[in-house]
Amino acid sequence: MAFILSETPSIANHFIAELRDSEIQQDSMRFRRNMERLGEIFAFEISKGLNFVETEFETSLGTAPIDILQEQPVLATILRAGLPLHQGMLNYFDKADSAFIAAYRKTTKGHDFIIEIEYISTPTLDGKVVILADPMIATGESMVLCCKELLRKYTIKELHIVGIIASKVGIEHVKANLPQAKLWIGALDEELTTKSYIVPGLGDAGDLAYGVKE
């Protein structure tokens, strides 16, 4: 299952447009905030499919039955680019535990690259709904590697993957390797460059949010 946010006209498209706009991108605070706002929207959309339980609350005038979330998910992200997106979801799932994964592209002698995971910091994920967010899903290799590592260690009840921009190649790779995952994507782009950057994409989300790395 893949939910594409931009396929339905909404205010979310404004946030995606500003993330892509090379002029607006110069304001790193606005770039982070737009990712955060999209994280809030994704959290709202994902919440519709989670389990709720009717609970009665006392008001000053009586009792009101309200369906509330039965269990908070665990929110996971891939450092560093995923932090604003993660924070947006945490704004809504405000009692959720968090997991962090450090993964990066390592260039080989032949100028190809492999994905390396440096560390994972997580609470137990056994029996949990896990939402793993990364702004850009290019080849999908890092997402698949990170998810498989979590699935190897834990018995995850339900896996959700969130990305703001994804390539069609990346989505197909994720679907083929993680058929149990539910995908939540902001916008889907057609192409990848020879260096596996999404076109038109938006550039390097981590650099735009936090400054150019060495």
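This text gives an overview of the structure that appears in the document. Quick caveat: nothing in here was measured; it's all calculated off a predicted structure. (Residues numbered from 1 in each chain as written. Predicted model: local features only at pLDDT ≥ 70, side-chain atom pairs only at ≥ 80, totals over all residues. Heavy atoms only, no water.)

### What to know about the overall build of the protein
Inference 1: Looking only at helices and strands, the protein has 6 helices and 12 strands in total.
Inference 2: Relative to the compact-globule value of 17 Å for 214 residues, the protein shows a C-alpha radius of gyration of 18 Å, a close match.
Inference 3: Once the C-alpha set of the protein is aligned to its principal axes, its extents read approximately 70 × 40 × 30 Å.
Inference 4: Expressed as a percentage of its 214 residues, the buried residues of the protein come to 43%.
Inference 5: Considering only residue pairs separated by 6 or more positions, the protein has 61% of its internal contacts joining residues 24 or more positions apart.
Inference 6: On the protein, roughly 11400 Å² of surface is accessible, and the fraction owed to carbon and sulfur atoms is 51%. (Helix = DSSP H or I, 4+ residues; strand = E, 2+ residues; numbered from the N terminus. Rg over C-alpha atoms; globule rule 2.2 N^0.38 Å. Buried < 20%, exposed > 50% of the residue type's maximum accessible area, 1.4 Å probe, protein only. Contact = heavy atoms within 4.5 Å. Areas by Shrake-Rupley, 256 points an atom, 1.4 Å probe, with all protein chains shown as cover.)

### What about the packing of helix H1 (residues 12-20) against helix H2 (residues 28-47)?
Inference 1: Between H1 and H2, whose axes approach to 9 Å, the crossing angle comes to 150 degrees. Relative to H2, the element H1 lies roughly antiparallel. For the element pair H1 and H2, the recorded crossing hand is left-handed. On H2, the residues touching Ala12, Phe15, Ile16, Glu18 and Leu19 of H1 are Arg30, Phe31, Asn34, Met35, Arg37, Leu38 and Ile41.
Inference 2: Here the residues of the contact of H1 with H2 are counted per class, giving 8 nonpolar, 1 polar and 3 charged. (Axes fitted to C-alpha atoms, helices over the stretch in contact; angles between N-to-C directions. Parallel < 35°, antiparallel > 145°, perpendicular 65-115°, else oblique. Left-handed = near helix turned anticlockwise from the far one by under 90°. Nonpolar A, V, L, I, M, F, W, Y, C, P; charged D, E, K, R; others polar.)

### Some details on the pairing of strand E4 (residues 74-79)
Inference 1: In terms of burial, E4 is largely enclosed, as 5 of its 6 residues are buried.
Inference 2: With 4 bridges joining them, E4 and strand E7 (residues 129-133) adopt parallel strand pairing. Counted as the bridge partner of Leu75 is Ile131 from E7. (Pairing = 2+ DSSP bridges.)

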